[in-house]
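Tertiary structure, described
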Amino acid sequence: MLWLLSLHIGALIAWCGLLLYLPALLATAGNPTTDGAALAREPIALARPLFNQVATPAALLAIASGTALFLVEQIVGTWLIMKLTAVSGMAACHVLCGALIMRRERQPAAPVTGPGLALAALAAFFMAAVLWLVLAKPFA
Ligand code: HEM
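The rules we used
- Residues numbered from 1 in each chain as written.
- Predicted model: local features only at pLDDT ≥ 70, side-chain atom pairs only at ≥ 80, totals over all residues.
- Heavy atoms only, no water.
- Phe/Tyr/Trp six-rings, centres within 6.5 Å; stacked < 30°, edge-to-face > 60°.
- Buried < 20%, exposed > 50% of the residue type's maximum accessible area, 1.4 Å probe, protein only.
- Lys NZ or Arg CZ within 6 Å of the ring centre and 35° of its normal.
- pLDDT = per-residue confidence, 0-100.
- Helix = DSSP H or I, 4+ residues; strand = E, 2+ residues; numbered from the N terminus.
- Donors = N, O, S within 2.8 Å, 3.2 Å for Na, K, Ca; no water.
- Tetrahedral: all angles 85-135°; square planar, octahedral: opposite > 155°, others 65-115°.
- Expected span 1.5 Å × (residues − 1).

**Let's talk about the packing of aromatic side chains**
Under the defined criterion, the tally for this structure stands at one aromatic pair. Plain terms: the ring middles of Phe125 and Phe126 are 5.4 Å apart, the flat faces sit at 65° to each other, and that makes the pair edge-to-face. The class for Phe125 is exposed, based on a relative accessible area of 55%. Between Lys137 and the ring centre of Trp79, over which it is positioned, the NZ or CZ distance is 4.7 Å.

In C-alpha cells:
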C-alpha cells in the first residue's frame, strides 16, 4: 500500500508544517513593534483560511490515512498505541491553535507572542515523539 503511505506522509508534512507555522505567525505578525500597523496585520488574515482550508483537512487526511494503514496492513503494537497518544497531543495543539486564531481576531491589539511560541514548542515536542515512535519503534 505504497500510495496510502505516500498519502499519509504527504498529509502529515502539511499538517506538521502548519502546526509550527501558524502559532509562529500569530506570535510575530501584527505586533506593535513591526513596521507599518496595517501591513503588519495582513499576514494574520492568512491564519484562518490556512487553518480551515489547509491545516484541518490535512490533519483529517493524516489521521484517516493512518487509520486505513493500520486496518489494511493489520499493524498492531505498543508503539502504535503510544503513537496514537502522541497524535492526540498534536490534535490538542491543533484545537489550541484554532483558539489562538480566534483570540487574535477578537483582540488584535493583544499580542500572543508567549502562547504562540509555547504552542509551537509543544506541537514540536509531540511531533518529535510521534516520529521517534514510528521510525525507531522502541516498543514492539
Ligand atoms: C491517527 C493517526 C495516525 C495513525 C493511526 C497512524 C498509523 C500509521 C501506520 C499504521 C503506519 C505504518 C507503519 C509501518 O508500516 O511500520 C504509519 C506510518 C507512518 N506514520 Fe503514521 N499514523 C497516524 C498519524 C501520524 C502522524 C501525525 C505522524 C507524524 C507526525 C505520522 C508519521 C508517520 C510516519 C513518518 C510513517 C512512516 C513510517 C515508515 O514507513 O517506517 N503518523 N502511520
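What follows picks up the thread again.
**As for the confidence of the model for the chain**
The pLDDT averaged across the chain works out to 90; a share of 91% of its residues lies at or above 70. Across the chain, helix α4 (residues 113-136) holds the top mean pLDDT of 96, while helix α2 (residues 37-72) sits lowest at 87.

**Notes on unusual backbone geometry**
Despite not being glycine, Gln74 shows a phi value in the positive range, around 50°. Tracing the chain through its elements places Gln74 in the loop between α2 and α3 (78-106). For Gln74, a relative accessible area of 66% corresponds to the exposed category. A positive phi angle is found at Lys137, which is not glycine, with a value near 40°. Of note, Lys137 is situated in the segment after α4. By relative accessible area, which is 43% here, Lys137 ends up partly exposed.

**Notes on the coordination of the iron atom of the ligand**
Taken together, His8 (NE2) and Lys83 (NZ) make up the full set of protein donors to the iron atom of the ligand, lying 1.8 to 2.1 Å away. Around the iron atom of the ligand, the six donor atoms sit at angles spanning 87 to 179°, and that spread fits a shape best called octahedral. Taken together, the positions of His8 in helix α1 (residues 2-28) and Lys83 in helix α3 put the pair 75 residues apart, joining distant regions of the chain.

**Some remarks on α1**
For α1, which comprises 27 residues, the first-to-last C-alpha distance of 39 Å matches the rise-based estimate of 39 Å (1.5 Å per residue) to within 8%. Residues of α1 that are buried: Leu4, His8, Ala11, Trp15, Cys16, Leu18, Leu19, Leu22, Pro23, Leu25, Leu26 and Ala27.

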